[in-house]
Each structure stands twice: as C-alpha cells, then as structure tokens.
Amino acid sequence: MNVDWSLDGKVAIVTGAAAGGIGEAYARTLASAGASVVCADIQGDKAELVAKAIEADGGEARAVSVDIADEASVAAMVGDTVSAFGGVDILVNNAALMLQLAPIPAMQMSRQDWDRGFAVNVTGAWLCTKAVAPEMEKRGGGRIVNQSSLGAFPAATVYGITKLALVGLTTTMAAELGPLGISVNCIAPGITESEAGKLIAGPGTPYREMLEQQAATMAVGQPEDLAGVLLLLTSPAGRWITGQVIHVSGGVVMRP
Ligand SMILES: NC(=O)c1ccc[n+]([C@@H]2O[C@H](COP(=O)([O-])OP(=O)(O)OC[C@H]3O[C@@H](n4cnc5c(N)ncnc54)[C@H](O)[C@@H]3O)[C@@H](O)[C@H]2O)c1
C-alpha cells in the first residue's frame, strides 16, 4: 500500500503567512510537499520574506499583500494566484486578529473593534472561500483548511467567539462544497509558540500553568507541530475527511 502525501503540481494560498507566524510554517510545509505557494498577508513585506525563504529552499512561492476583509483585495489575491500558477487547489484560512482581540473583555470592547474582529476572522475566511471555490471547481476539487483555536472551546473571549464561528463556517461550507469535490476542515491549535503566541501564555503565567495541568502531553507546541495535520488535510491521504475540527493541543481540550 502506498499512502500519497504529495502535493506535487498543486497550488496553495496561505493567508496570514508573514514571517514568524504559524502561517509561515504552513506555507513552508505545503511547499516542502511540492505545492506552489502564495504567501498572503496584510504585512506584504513580511510575507515576502517567507516566499523568498521557500525559494531559497528550492520551492516555488510568491508573496501577495492582501486585506482578507476586503472583497476586492481578496479577488485580486486569487487573480494573482491564477495568473502566476494557473489555478488554486488549496486554501488555508489562517490570517486573523488574535493579540488585538483576545485580551479585551467583551463588555469593554468597542463596537469598532468587535466589527473589525469579525470582519477579519470570520468574514475574511468566508470571502476567501467564496473567491477560491470556483477556481477549485475548475480543477475538479480542492482543500480548504480553517484555523480555529483552543480559545473557542469554550469561547471565553470575543476572539474565541470568532474562532467558534469558524467551526460553523467549516461545517456549512463542507456541506455546500462537498459535491464540487472540495473538502473543508478546521484545525484548532492550542498555544503555539509563534512570535505572537509567545506573548499569550509565557512560562509562569496563570494561563500557562492551567494548560500544563490540563494537558495530557505537551501544553504548548511549536508551529511545526501543526505541519502534520495540515498535510493530512491537504494531501490525497486525507481525501475522505471533511467538515471536521482537529484539535492539536496535547489533549488540553479533554479537560481532565
Ligand atoms: N499562536 C497561538 O497560540 C495560536 C493558537 C491557536 C490559534 N491560533 C491562530 O493561528 C493563526 C496564526 O496565529 P499566529 O500565532 O501566527 O499569529 P499572528 O498574529 O502572527 O498571525 C496572524 C497573521 O494574520 C495577518 N493578518 C491580520 N489581519 C489580516 C488581514 N486583514 N488580512 C490579511 N492578513 C491579516 C497578520 O499580519 C499576521 O501575519 C491565527 O488564526 C490565530 O488565531 C494561534
């Protein structure tokens, strides 16, 4: 039996793929499996660093500056991808506002911050999905992966509410797009030591200590600890999986 993990000939868009984030690890994972990767981020210069690093490793990549909350900007990102690489097979909806939202209690959040949080974290993922689905249909199918969070289980912040909404987006789009050969799944990571993640639950903080008590294995992971599940959900090996949330958090979600 041969299990096919290859992404040779595939084209992927990873949003939030700026240097130092989980999106960088996602982009490099897909490139290492053979995909041509568009590193898309509102911080275009930091996405450029990732694209250059992939090329230096022998892969194929380009950077695109995008605001995923802006429909025209998303359309331009998809148009650029199709012009450069001929189509789209994989979308990773990873871009989000996290540090900007997570610490603010819901009762103290401004309407402006609430609206922007939902516009980026929820509407942005929906806009990207809507824009790539017709391109995936042209190629006979595709893979969409949404990035939720341990912070959605249960949601205890506005950030968590947006990440829980992505679970609903996942099941809804999985049902709608399945007949087109497109799978839609969700990864829910625990605290991951990206540059931003290091600021959320540093050693000795009460949140970190709580996670350390609850985790069955590692309470905190590295961006590369998410690579295997992304490859499963995007490669031929995972073709039967759709509409699922996969928790990658050392068992914290079991709340023993
Ligand atoms: N680090 C963690 O502990 C952790 C845990 C669970 C889930 N997550 C999720 O993983 C993803 C990546 O997190 P990270 O730790 O790398 O944090 P991060 O802040 O480095 O990554 C988010 C990226 O999204 C980009 N972005 C923000 N708004 C955008 C917009 N409007 N358009 C395009 N790009 C935009 C940012 O520039 C940034 O590069 C996020 O969805 C986050 O919610 C992170």
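A brief report on the enclosed structure follows. Values in this document were obtained by computation on a predicted structure and should not be read as measured data. (Residues numbered from 1 in each chain as written. Predicted model: local features only at pLDDT ≥ 70, side-chain atom pairs only at ≥ 80, totals over all residues. Heavy atoms only, no water.)

### Focus: the pairing of strand β3 (residues 60-65)
For strand β2 (residues 36-41) and β3, the ladder comprises 6 bridges, and the chain directions are parallel. Residue pairing in the sheet places Ser-36 in a bridge with Glu-60 of β3. Read from β2 through helix α2 (residues 44-56) to β3, the crossover connection turns out right-handed. (Pairing = 2+ DSSP bridges. Helix = DSSP H or I, 4+ residues; strand = E, 2+ residues; numbered from the N terminus. Right-handed = clockwise from strand over helix to strand, strands pointing away.)

### Structural notes on the layout of surface pockets
Roughly 1,200 Å³ of volume is contained in the largest pocket. Residue lining of the largest pocket: 50 residues in total, with Ala-96, Leu-97, Met-98, Leu-99 and Ala-196 positioned closest to the centre. Of all elements in the fold, only α1 (22-32), β2, α4 (111-138), α5 (158-177) and α6 (206-214) reach the threshold of two or more residues within the lining of the largest pocket. At 3 residues, the largest contribution of residues to the lining of the largest pocket is made by α6. Each residue belonging to the lining of the largest pocket can be placed in one class, and the counts come to 27 nonpolar, 16 polar and 7 charged. Here the residues of the lining of the second largest pocket are counted per class, giving 4 nonpolar, 8 polar and 5 charged. (1 Å grid on protein atoms, 1.4 Å probe; cavity = no way out; pocket = protein on both sides within 12 Å on 5 of 7 lines; lining within 4 Å. Points joined across faces, edges and corners; volume = space filled by probe spheres on them. Nonpolar A, V, L, I, M, F, W, Y, C, P; charged D, E, K, R; others polar.)

### Structural notes on a nonpolar patch on the surface
Taken together, the side chains of Met-1, Val-3 and Trp-5 present a nonpolar region at the surface, about 400 Å² in accessible area. Summarising the element assignment, Val-3 is placed in the segment before β1 (11-15). (Patch = residues over 30% accessible without salt bridge, like charges linked within 9 Å, V, L, I, M, F, W, Y side chains within 5 Å. Areas by Shrake-Rupley, 256 points an atom, 1.4 Å probe, with all protein chains shown as cover. Salt bridge = Lys/Arg side-chain N within 4 Å of Asp/Glu carboxyl O.)

### Structural notes on the site of the ligand
Near the ligand there are 29 residues, and of these Ile-22, Asp-41, Asn-94, Tyr-159 and Ser-194 occur at the shortest range. Residue Ala-96 places a main-chain N or O atom 3.4 Å away from an oxygen atom belonging to the ligand. Lys-163 places a polar side-chain atom, nitrogen or oxygen, 2.8 Å from an oxygen atom of the ligand. Surface burial for the ligand is 93%, taken as the share of its 810 Å² of free accessible area covered by protein chains. (Near = heavy atom within 4 Å. Polar contact = N/O pair within 3.5 Å; in protein donor to acceptor, adjacent residues only side chain to side chain.)

### Regarding the side chain of Asp-89
Relative to the helices and strands, Asp-89 is located in the loop between α3 (71-85) and β4 (90-93). Under the relative-accessibility criterion, Asp-89 is labelled buried at 7%. A polar side-chain atom of Asp-89 sits 2.7 Å from the main-chain amide nitrogen of Val-11. Setting aside its immediate chain neighbours within four residues, Asp-89 contacts Gly-9, Lys-10, Val-11, Met-136, Arg-139, Gly-142 and Arg-143. (Buried < 20%, exposed > 50% of the residue type's maximum accessible area, 1.4 Å probe, protein only. Contact = heavy atoms within 4.5 Å.)

### What about unusual backbone geometry?
Here the amide bond leading from Phe-153 into Pro-154 is cis, since omega sits at 0°, within 30 degrees of zero. Among the structural elements, Pro-154 can be located in the loop between β5 (142-147) and α5.

### Quick look at the side chain of Asp-41
With respect to the secondary-structure elements, Asp-41 resides in strand β2. Although buried, Asp-41 forms no salt bridge, and the nearest oppositely charged side chain, Lys-46, lies 7.7 Å from it. Polar contacts involving the side chain of Asp-41 include one to the main-chain amide nitrogen of Ala-17, which spans 3.2 Å. Every residue in contact with Asp-41, bar those within four places of it in the chain, is listed here: Gly-16, Ala-17, Ala-18, Ala-47, Val-64, Ser-65 and Val-66. (Lys, Arg positive; Asp, Glu negative; His and termini not counted.)

Coordinates in, geometry out; function isn't part of it.
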